[in-house]
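Listed below are the residues making up each chain.
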Amino acid sequence: MKGEYKKPQGFNLSDLWMECRSCWIVVIISIVVCVAVSLGTAAAHNKEQSNNPPVEQEVPYEFSEEQLKKIRMLEDYKKLYENQKRYDENAVLMKVDATNAVRDDLYFEVTGEDNITNVVNYYTQKLAGADYIKKLTDNFATDGDMYLNEIITVTNIAGVTNKSAFVVTIRHYDEEKCKKIVDFTKQYITECKMNNDYEITLLQEDFDRVIDSKVAEIQRSAWNTEAGYANAYYGNLKALTEEERDYFNGNTTHTVVTGGGQLYDMKERGVIGVVLGILLYVAIIFVKLCFNKKLLYSDRLHEIFGITEYCSFKKKGLDAFADKVGSTVSRQMPKDADKPKLLVVKRYQTAKSNRFVEQLEAVLDKRNVSHTVIASVDSTDMLKDVDGVLFVETVRKTSYDSVWDDLEFCAAEDKCVLGIVAL
């Protein structure tokens, strides 16, 4: 049996649990200390906060040039989107049903002057000019009917030297309003005559409801433009941080609270202290078990030392367990001896080990087995005239090395080790 015993393979949760529950006084001390520390720090914090009330200050936002550029770009997108949306909601042309548009085509003929083209261009420019648009807006524009300049188009018709024509097209969604604008336009053309060297005549007027592809094209383009601006605006707005968005909305400063702070809840801190106390105790036990050199509840002693193992960790049934061990050991004693002698090594005096040995001795007496109880095998002299050795060890107290040293004494004297009892 020379050499070393097989090293135990660490510990498991059962060892951790048994170790934790074995010393409640340490648990209580750990909890009391942690609760005291937790409540003490909480009280100091609350006192400090009470002496330092919160103060609100308005502080200007500070952004990088890149952030400001992003905000300015968003402002541009917002203006474009709002302007386009206002146009789509209020423009007369956007209210026209392209499949049933109210349209009036006025065909005017100009005759008289040799260079009649200049006269036609004159009327074309007048109907697109600021004076006509202003008068048209003053007379017919409302909050819901705006951008009236778009409903008037003028088309020149090529002619000969002293004769030419142009067409004035007026589009609207309402027949009555359209007729009023048509009458106003006729009157305006009459009033704009430059001289008597030419004559301007309304040759034909076509007033009807038509399918107008140009209106459909203008409306589709406007709606697509609004959708594009909306995506750009809301997409970039979503990308802003909370501070950037606040600045974008017109708030150049933000509130900063200095001093003060949240007060700790003492009950909550007490609970935290209890939890920390338990965790601290478990951590200490865990570290202790990591460097453990003593017998554990989960140890397989027959694998570690190579001897028979008897285990009982329960207080109930201890007498029956001692009877069983005593009977087994008695049968293993030499048969040729009149009264075989058993050496019982009981290393620690505990209530459980003392009770077990007392019951064991009673069983051995009944079976006519002589026995001696010692604390450890300190020398080979103790093993003289001994027919067998039984170890009674206390878990969490007996070290692996002490058991191994005694086993080596037994091996040196060639004494039979009948087993080890772990209590």
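As shown above, the structure is provided for reference.
Conventions used here
Residues numbered from 1 in each chain as written. Predicted model: local features only at pLDDT ≥ 70, side-chain atom pairs only at ≥ 80, totals over all residues. Heavy atoms only, no water. Helix = DSSP H or I, 4+ residues; strand = E, 2+ residues; numbered from the N terminus. Buried < 20%, exposed > 50% of the residue type's maximum accessible area, 1.4 Å probe, protein only. Contact = heavy atoms within 4.5 Å. Areas by Shrake-Rupley, 256 points an atom, 1.4 Å probe, with all protein chains shown as cover. Pairing = 2+ DSSP bridges. Axes fitted to C-alpha atoms, helices over the stretch in contact; angles between N-to-C directions. Parallel < 35°, antiparallel > 145°, perpendicular 65-115°, else oblique. Left-handed = near helix turned anticlockwise from the far one by under 90°. Phe/Tyr/Trp six-rings, centres within 6.5 Å; stacked < 30°, edge-to-face > 60°. Lys NZ or Arg CZ within 6 Å of the ring centre and 35° of its normal. Right-handed = clockwise from strand over helix to strand, strands pointing away. Core = buried A, V, L, I, M, F, W, Y, C linked by side-chain atoms within 4.5 Å. Expected span 1.5 Å × (residues − 1). Salt bridge = Lys/Arg side-chain N within 4 Å of Asp/Glu carboxyl O. Patch = residues over 30% accessible without salt bridge, like charges linked within 9 Å, V, L, I, M, F, W, Y side chains within 5 Å.

Turning our attention to the overall build of the protein chain. A tally of helices and strands in the protein chain yields 14 helices and eleven strands. By the burial criterion, 35% of the 423 residues in the protein chain qualify as buried. Put simply, 84% of the contacts in the protein chain that link residues at least 6 apart link residues at least 24 apart. Carbon and sulfur atoms make up 52% of the accessible area of the protein chain, which totals about 24600 Å².

So, on to the pairing of strand β4 (residues 163-172). Burial within β4 is extensive, with nine of its ten residues counted as buried. Where strand β2 (residues 101-111) and β4 come together, ten bridges link them in antiparallel fashion. Paired with Arg103 across the strands is Arg171, a residue of β4.

One way to put it is that helix α5 (residues 116-128) packs onto helix α7 (residues 175-191) with a least axis distance of 11 Å and a crossing angle of 130°. When the axes of α5 and α7 are compared, the pair comes out oblique. Here α5 and α7 pass one another in a crossing that is right-handed. Counted together, Tyr123, Lys126 and Leu127 of α5 and Thr185, Tyr188 and Ile189 of α7 form the full contact between these two elements.

The next point concerns the packing of aromatic side chains. In total, this model carries 16 aromatic pairs according to the counting rule given. For the pair Tyr123 and Tyr198, a centre-to-centre distance of 6.3 Å together with 80° between the ring planes defines the contact as edge-to-face. Separated by 75 residues along the polypeptide, Tyr123 in helix α5 and Tyr198 in the loop between α7 and β5 (199-210) bring together distant segments of the chain. On the accessibility criterion, Tyr123 (1% relative accessible area) is buried. Across from the ring centre of Tyr198, 5.6 Å away, lies the NZ or CZ of Lys193, which sits over that ring.

Let us now look at the pairing of strand β9 (residues 370-374). Pairing between strand β8 (residues 341-346) and β9: five bridges, direction parallel. Note on β9: the bridge partner recorded for Val344 is Val373. After leaving β8, the chain enters helix α13 (residues 351-366) and then returns to the sheet as β9, a path that is right-handed.

Moving on: the nonpolar core. Core analysis: the largest hydrophobic core is formed by 32 residues, its most contacted members being Tyr132, Ile151, Ile152, Phe166, Val168 and Ile170. Of all elements in the fold, only α4 (92-95), β2, α5, α6 (130-140), β4 and α7 reach the threshold of two or more residues within this core. No other element matches the six residues that α7 contributes to this core. The residues contacting Tyr132, other than those within four sequence positions of it, are Lys126, Leu127, Ile152, Phe184, Thr185 and Tyr188.

Here we come to helix α3 (residues 65-90). Here α3 contains 26 residues, and its C-alpha end-to-end distance of 38 Å stays within 8% of the 38 Å for a straight helix at 1.5 Å per residue. By the burial criterion, the buried members of α3 are Ile71, Leu74, Tyr81, Gln84, Tyr87, Asp88 and Asn90.

Moving on to the pattern of salt bridges. Here the structure, examined in full by the defined rule, presents 14 salt bridges. Residue Asp212 pairs with Arg171 through a salt bridge whose shortest N-O separation is 2.5 Å. One end of the pair, Asp212, is in the loop between β5 and α8 (213-239); the other, Arg171, is in strand β4, and 41 residues separate them in sequence. The exposure class of Asp212 is buried, given its relative accessible area of 3%. Put simply, Arg103, Asp105, Arg171 and Asp212 are held in one network by salt bridges that share partners.

Let us look at the sheet that holds strand β10 (residues 388-393). Read across the open sheet, the five strands follow the order β7-β11-β10-β8-β9; overall the sheet is parallel. The open sheet is flanked by β7 (309-311) and β9, the only strands paired with a single partner. Each adjacent strand pair in this sheet contributes to an overall mean axis angle of 20°, direction not counted. Here helix α12 (residues 318-332) sits on the sheet in contact with β7, β8, β10 and β11 (417-422), set at roughly 165° to β7.

Further remarks concern a nonpolar patch on the surface. Together, Ile25, Val26, Ile28, Ile29, Val32, Val33 and Val37 give the surface a local cluster of nonpolar side chains, amounting to about 610 Å² of exposed area. Mapped onto the elements, Val33 comes out in helix α2 (residues 24-50). Overall, the relative accessible area of 44% leaves Val33 in the partly exposed class.

With that settled, the discussion passes to the environment of Thr111. Summarising the element assignment, Thr111 is placed in strand β2. In this structure Thr111 comes out as partly exposed when scored by relative accessible area, which is 24%. For the pair formed by Thr111 and Asp197, sequence separation is 86 residues and the distance between their alpha carbons is 8.8 Å.

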